[in-house]
Amino acid sequence: MSNRRNFIKGGVLGAVGTAIFPKLISAIAQNSNPNSEEGHPMVISTWKHGMPANVAAMEVLQSGGKAIDAVEAGVKIPEADPESMSVGLGGLPDRDGKVTLDACIMDETGNCGSVSFLQHIKHPISVARKVMDETPHVMLSGEGALQFALEQGFPKEDLLTEKAEKRWREWLKESEYKPIINVENHDTIGLLALDKKGDISGACTTSGLSWKMHGRVGDSPVIGAGMYVDNEVGGCCATGVGEAVLKTLGSFLIVELMRQGASPQEACEEGIARIVKNQNYKDMQIGYLAINKKGEHGAYAVHPWFNYALHQGGENRMIDSLSYLK
Ligand code: ASP
């Protein structure tokens, strides 16, 4: 079927056609293979902590579970892992020594939930899911999010581990705030899943930039910035300096580009191009992952060394992303 798509894009309408009729081409491509099982099920996620997350998500999918349950189960693994120092328990704190968490989740019907600036709850993704399932709202923040989580029965915990506190005390000596490219002071997990039925969902969860100002919220809990899915098209998630992603609403942009006919790879590259065009990209890393309904994926980053975990076709493996700077 992908041959047919290439034929339609390249042969019949050609380059002019793709510029003038992107929506038409996209519609033809999708209609040509409405029930494709190609690439299903699949899970893709950011960074190395994506490997065990993918395994947990794939278990749900293999047993016939829904993508929305898979993405939640997947990202809960690094959230609970104190060694994953950019997510959940053990996450590096803000400059006041507080661990504050951001997360969002979105299902195949466009339902979504999110929490931002949440403290003391190990699984912000599950609180975001409760916001989606149990409230008429999309986002709860700070004290209100904590109050809601406690009402829902989540335990209140101290998330600052000894190791994270030690790193913070080291940082306090100089107190220099500077995101360092690709080190663990900012490594969100964004995870996208395509289930056996072909439905897409996504999740994104993080402790945000370490040593950030107290109260700072990044891209990760913002639907359309840190993550977005549209079941007609595909999904996208982001990692890296959230301010750059927020300024361009990166995940929404990339899904919309795919709707217009771009491949996941082309869409991710354009998402990074928008950042590079107007922002001081040399000092910051941003990485995007995207998938479409056929199970094709794309990945692109500003700097080299962004990597991701892909679980597809019975294999779970790490892949190095392409990047704008070589
Ligand atoms: N995007 C996250 C934030 O800005 C951090 C990261 O992914 O590294 O909070």
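Residues numbered from 1 in each chain as written. Predicted model: local features only at pLDDT ≥ 70, side-chain atom pairs only at ≥ 80, totals over all residues. Heavy atoms only, no water.

Any details on the pairing of strand β7 (residues 227-230)? Residues and values, ideally.
Residues M227 and V229 line one face of β7 and the alternating positions Y228 and D230 line the opposite face, and both faces are buried. In this structure, β7 lies alongside strand β8 (residues 234-240), joined through four bridges in antiparallel fashion. Considered in β8, the bridge of Y228 is made with C236. (Buried < 20%, exposed > 50% of the residue type's maximum accessible area, 1.4 Å probe, protein only. Helix = DSSP H or I, 4+ residues; strand = E, 2+ residues; numbered from the N terminus. Pairing = 2+ DSSP bridges.)

Report on unusual backbone geometry, specifying residues and quantitative values.
Even without a glycine there, the phi angle at W47 is positive, about 65°. Counting through the fold element by element, W47 comes out in the loop between β1 (42-46) and α3 (50-62). Residues other than glycine seldom take positive phi values, yet W211 does so here, at roughly 65°. Secondary-structure assignment places W211 in the loop between β6 (200-206) and β7. Taking relative accessible area as the criterion, W211 reaches 8% and is therefore assigned buried.

So what about the nonpolar core? Which residues, and what values?
In terms of nonpolar packing, the biggest core is built from 47 residues, with I44, M227, I286 and Y288 touching the most fellow members. Apart from the residues lying within four places of it in its own chain, the contact partners of I286 are T239, G240, V241, A244, V245, I272, I275, Y300, A301 and V302. By size, the runner-up hydrophobic cluster in this structure holds 32 residues, among which are V87, I121, L140 and F148. (Core = buried A, V, L, I, M, F, W, Y, C linked by side-chain atoms within 4.5 Å. Contact = heavy atoms within 4.5 Å.)

Describe in detail the packing of helix α5 (residues 124-134) against helix α6 (residues 142-151), supporting the description with residues and values.
The N-to-C vectors of α5 and α6 enclose an angle of 85°; their axes lie 10 Å apart at closest approach. By the angle between their directions, the pair α5 and α6 is classed as roughly perpendicular. Where α5 abuts α6, its residues V127, K130 and V131 lie against A145, F148 and A149. (Axes fitted to C-alpha atoms, helices over the stretch in contact; angles between N-to-C directions. Parallel < 35°, antiparallel > 145°, perpendicular 65-115°, else oblique.)

So what about the sheet that holds β8? Which residues, and what values?
Read across the sheet, five strands follow the order β7-β8-β9-β10-β13 without closing on themselves; strand pairing throughout is mixed. Because the sheet does not close on itself, it has two edges, and the strands there are β7 and β13 (322-323). Taken strand by strand, helix α9 (residues 250-259) contacts β7, β8 and β9 (286-292), and its axis lies near 145° from that of β8.

Help me get a handle on helix α4 (residues 67-80), residues and values and all.
Helix length check: α4 (14 residues) gives 20 Å between terminal C-alpha atoms against 20 Å at 1.5 Å per residue, within 8%. Among all positions of α4, only A67, I68, A70, V71, E72, G74, V75, P78 and E79 are buried. The elements touched by buried residues of α4 are α3, β2 (101-106), α5, β5 (189-194) and β6. (Expected span 1.5 Å × (residues − 1).)

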